[in-house]
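Results of the structural survey
Chain by chain, the residues run as shown.
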Amino acid sequence: MSDIINILPDSVANQIAAGEVVDRPASAVKELMENALDAGATEIQLIVKDAGRTLIQVIDNGCGMSDCDARLCFERHATSKIHKADDLFAIHTMGFRGEALASIAAVAQVEMKSRQCDRELGTQIIIEGSEVKDQSPCNCPTGTSISVKNLFFNIPARRNFLKKDSIELNHIEEVFKRVALPNHNVAFSFHHNGRLLYDLKAGNFAQRIAGLFGNNHKERLYHIEEQTEPVKIFGYVGKAEYARRVRGEQYLFVNGRFIKHIGLSAAIEKAYSELIPEHTYPAYFVLMEVDPQKLDVNIHPTKTEVRFIDEHIIFAILRAATKKALGQFSLATELEFNPSTEIDFTPAAKGYMPPEPKVTYNPDYNPFSERRTTGGEHNSSLRFSPQPTERVKMAEYEHFFDTTPKEPDVSQLPLAGESAAVPSTTTNTASPINYLSKYIITTLKSGIVIIDQQRAHERILYERLLAERAKGNAPAQQLLFPVNCIFNPADSELLTEIMPDLEQLGFIISALGENTFVVTATPVDVKEDELQSLLEQTICDYKGNMMQKFADRDKSICLSLARQMAAKSGTALKPEEMQQIIADLFCCQAPNISPSGKRTMFIIGEQELNEKLK
Ligand code: ADP
Ligand code: MG
């Protein structure tokens, strides 16, 4: 038999290897931006066309490359960052494997111009599918500009695999945020299809957060800081009331690199337990510094997973630091300390001495007393944190929370439309009871009915919204005063995308300018002061569903709104509100199950009662 083994040509080997490093435009953006940072740039511009399909260009003012390096950098294992294996243990830069540029050049048409500051002329190199087409001297500013055109031009299968532009752009924006956040001393800009999405000046971490996520973030965060030997922590954690149902704005960095770490995320989230409802997640932006020797270097540079040697210690410190930030500040609010706990995002003028905070406290205040002794209305900013008196009461219910009902077995529940468990009549004489501000207890012909108020209301609103959406006649309530809502550029794009859907549900929203929208009408039941957060959460849910390819966009938006508009557990209901929920629930197509698939009610019939009381 003849020989059958071939050595693959370099270009093919590079293409295969490229798949590991560059799987979509966002990964090329990440590599190029990290290279610019490693080159010591203080200004980095990102220019993208068609979500990176047509062009990704990164321009930096870093150290630039010599003629020879400009050619070499596209070779596999070409790196200036390590020379020997030992160097691996003291990595301070983003890249070190020397794979990124070789990979990018294997799957795109690349044009690079680079000049070192002590040279008069720079060098330009054009390379397509690993093949150098031209290298010549050129005039260019100090630094490097790399244009990556027609990514995957030579791998049609991969190019066809790219998602639609809004999704790819979302990935790019996410990468941009992950790189720009920890490098707040570097100025960044980001243009997409000629539109300036972000223009970030060099500044402190808080200013960078505001630049990326909007100025209104300043009211939503607490400062967190801890200097210890194993880890130095600095950053901001979200106030409990802004917790969201999806893990959205959660950013953890180690030595300037974005990381995903289930344990450390849990450390932060654990600090919130009892402050936020179950299945909601706080925002956080946390920078950590750890001795590089104590990090596991055996990690792939494109991956975000890391391992620490002192993992359990770091976990404990991070949790304690978060608790401190939350505890200190929420306690301060409760004790009515005067100064605002918000972070001032504007830098202090040189020589400015901050005034000593004045403490006004009530000497008669006794946190253990049932009766509130202060005169004024207590104004806690933590919506989910119980008031002092409630906290005492809460203790009585602790056993109750421990025995939270298990997920119902959905297979045991009647199907949508089926009404086996629905009482034959809903006429009831007794007025319902609002037990724990969570359950509605009433009697019907078929027995005692215990309804979960939040889940029931979600079901009612969900079906109402879907029906109105289908008919296209959702009633809108005109707002007395239009409300302006401001979003970050990424969210603004998404809001524009779902605006037609929202309009069919009763919203009237129009764009007012860069990232600002004015809302003049909303569906009934939407509270004006919650409009901004309602829209933010809707966008956030939509983004999440889009990423997970939630099949039905209508349903996803209606579900998101229903969940937010529903009367939450813990909200005391008036008798007429309870009556309304009972009546509306039994008119639903699937009254027994919440739109998220949980049981909404429980009926104990006479026979069952007799059994129990035998
Ligand atoms: P790595 O970053 O892992 O070293 P890359 O393929 O990303 O590998 O880059 C190869 C080399 O090219 C780098 O080590 C660096 O010396 C040089 N280089 C890449 N981008 C730039 C840039 N923007 N400015 C200066 N040098 C660069
Ligand atoms: Mg690199």
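The structure under discussion appears in the preceding block.
One structure accompanies this document, and this report is about it. The shown structure was predicted, so the numbers you read here are calculated from the model rather than taken from an experiment.

Core analysis: the largest hydrophobic core is formed by 65 residues, its most contacted members being Leu46, Phe176 and Phe188. Two domains each donate at least three residues to this core, and these are domain 1 (10-203) and domain 2 (206-328). Ignoring anything within four residues of it in the chain, the contact list for Phe176 reads Met33, Leu46, Phe188, Ser189, Phe190, Tyr198, Leu200 and Leu212.

Attention now moves to the pattern of salt bridges. On inspection of all chains with the given rule, the structure shows 20 salt bridges. Taken together, the shared-partner salt bridges connect Arg220, Arg244 and Glu536 into one network.

We now examine the sheet that holds strand 19 (residues 516-523). Pairing between the strands of a sheet is mediated by backbone hydrogen bonds and can be parallel or antiparallel. Taking strand neighbours across the sheet as the criterion, the three strands line up as 17-19-18 in an open arrangement whose pairing is antiparallel. Strand pairing shows two members of the sheet lacking a second neighbour, strand 17 (476-486) and strand 18 (508-513), which therefore form its edges. The average angle at which neighbouring strand axes cross in this sheet is 15 degrees, direction not considered. Two elements, strand 17 and strand 19, share seven bridges in a ladder whose sense is antiparallel. Counterpart to Gln478 in the pairing with strand 19 is Ala521. Across the sheet, helix 12 (residues 489-504) lies against strand 18 and strand 19, angled at about 150 degrees from strand 18, the strand it touches most.

Among the six residues of strand 2 (residues 55-60), five are classified as buried, and the element is accordingly described as predominantly covered. Sheet topology places strand 1 (residues 43-49) next to strand 2; six bridges connect them, and they run antiparallel. Counterpart to Lys49 in the pairing with strand 2 is Leu55. Joining the antiparallel neighbours strand 1 and strand 2 is a turn of five residues, in which Asp50 adopts a positive phi near 50 degrees. In the sheet, strand 2 pairs with strand 6 (residues 143-149) via six bridges, with the strands oriented antiparallel. Residue pairing for strand 6: Gln57 is matched across the bridge by Ser147.

Here the focus is the packing of helix 11 (residues 453-471) against helix 14 (residues 553-565). Put simply, helix 11 and helix 14 touch, their axes get as near as 8 Å, and they point 140 degrees apart. Taken together, the axes of helix 11 and helix 14 are oblique relative to one another. Every pair of crossing elements has a handedness; the one defined by helix 11 and helix 14 is right-handed. Residues His457, Glu458, Leu461, Tyr462, Arg464, Leu465, Leu466 and Arg469 of helix 11 form the contact with helix 14, whose own contacting residues are Asp554, Lys555, Cys558, Leu559, Leu561, Ala562, Arg563 and Met565. Partitioning the contact of helix 11 with helix 14 into residue classes produces nine nonpolar, one polar and six charged.

Across the sheet, eight strands lie side by side as 5-4-3-6-2-1-7-8; this open sheet has mixed pairing. For this open sheet the edge positions go to strand 5 (131-138) and strand 8 (195-200), each flanked by a neighbour on one side alone. Within this sheet the neighbouring strands show an average axis-to-axis angle of 10 degrees, counted without direction. In the sheet, strand 3 (residues 109-115) pairs with strand 6 via seven bridges, with the strands oriented antiparallel. If you follow Glu111 over to strand 6, its bridge partner there is Ser147. The strands that helix 6 (residues 165-180) touches are strand 1, strand 7 (187-192) and strand 8; relative to strand 7, the one it contacts most, it runs at about 175 degrees. Helix-sheet contacts for helix 7 (residues 205-213) involve strand 7 and strand 8, and the interaxial angle to strand 8 is about 165 degrees.

Our next topic: helix 14. For helix 14, with 13 residues, the first-to-last C-alpha span of 18 Å sits near the 18 Å given by 1.5 Å per residue. Among all positions of helix 14, only Ser556, Ile557, Cys558, Leu559, Ser560, Leu561, Ala562, Gln564 and Met565 are buried.

Summarising the sheet, strand 3 and strand 4 (residues 122-128) pair through six bridges and their orientation is antiparallel. Across the sheet, Met112 pairs through a bridge with Ile125, a residue of strand 4. If you look at the hairpin formed by strand 3 and strand 4, you'll find six residues sitting between the two strands.

Once that is clear, we can look at the packing of helix 2 (residues 25-38) against helix 6. When two helices pack together, you describe them by how their axes are tilted relative to each other and by the distance separating the axes. Contact geometry for helix 2 and helix 6: axes closest at 8 Å, N-to-C directions at 20 degrees. Between helix 2 and helix 6, the angle falls in the class roughly parallel. Like other packed secondary-structure pairs, helix 2 and helix 6 cross with a definite hand, here right-handed. In contact with Pro25, Ala26, Val29, Lys30, Met33 and Leu37 of helix 2, helix 6 contributes Glu168, His171, Ile172, Val175, Phe176 and Val179.

Criteria and thresholds
Residues numbered from 1 in each chain as written. Chains lettered and ligands numbered in written order. Predicted model: local features only at pLDDT ≥ 70, side-chain atom pairs only at ≥ 80, totals over all residues. Heavy atoms only, no water. Core = buried A, V, L, I, M, F, W, Y, C linked by side-chain atoms within 4.5 Å. Buried < 20%, exposed > 50% of the residue type's maximum accessible area, 1.4 Å probe, protein only. Domains from an automatic or database assignment. Contact = heavy atoms within 4.5 Å. Salt bridge = Lys/Arg side-chain N within 4 Å of Asp/Glu carboxyl O. Pairing = 2+ DSSP bridges. Helix = DSSP H or I, 4+ residues; strand = E, 2+ residues; numbered from the N terminus. Axes fitted to C-alpha atoms, helices over the stretch in contact; angles between N-to-C directions. Parallel < 35°, antiparallel > 145°, perpendicular 65-115°, else oblique. Left-handed = near helix turned anticlockwise from the far one by under 90°. Nonpolar A, V, L, I, M, F, W, Y, C, P; charged D, E, K, R; others polar. Expected span 1.5 Å × (residues − 1).

These figures come from the coordinates and say nothing about function on their own.
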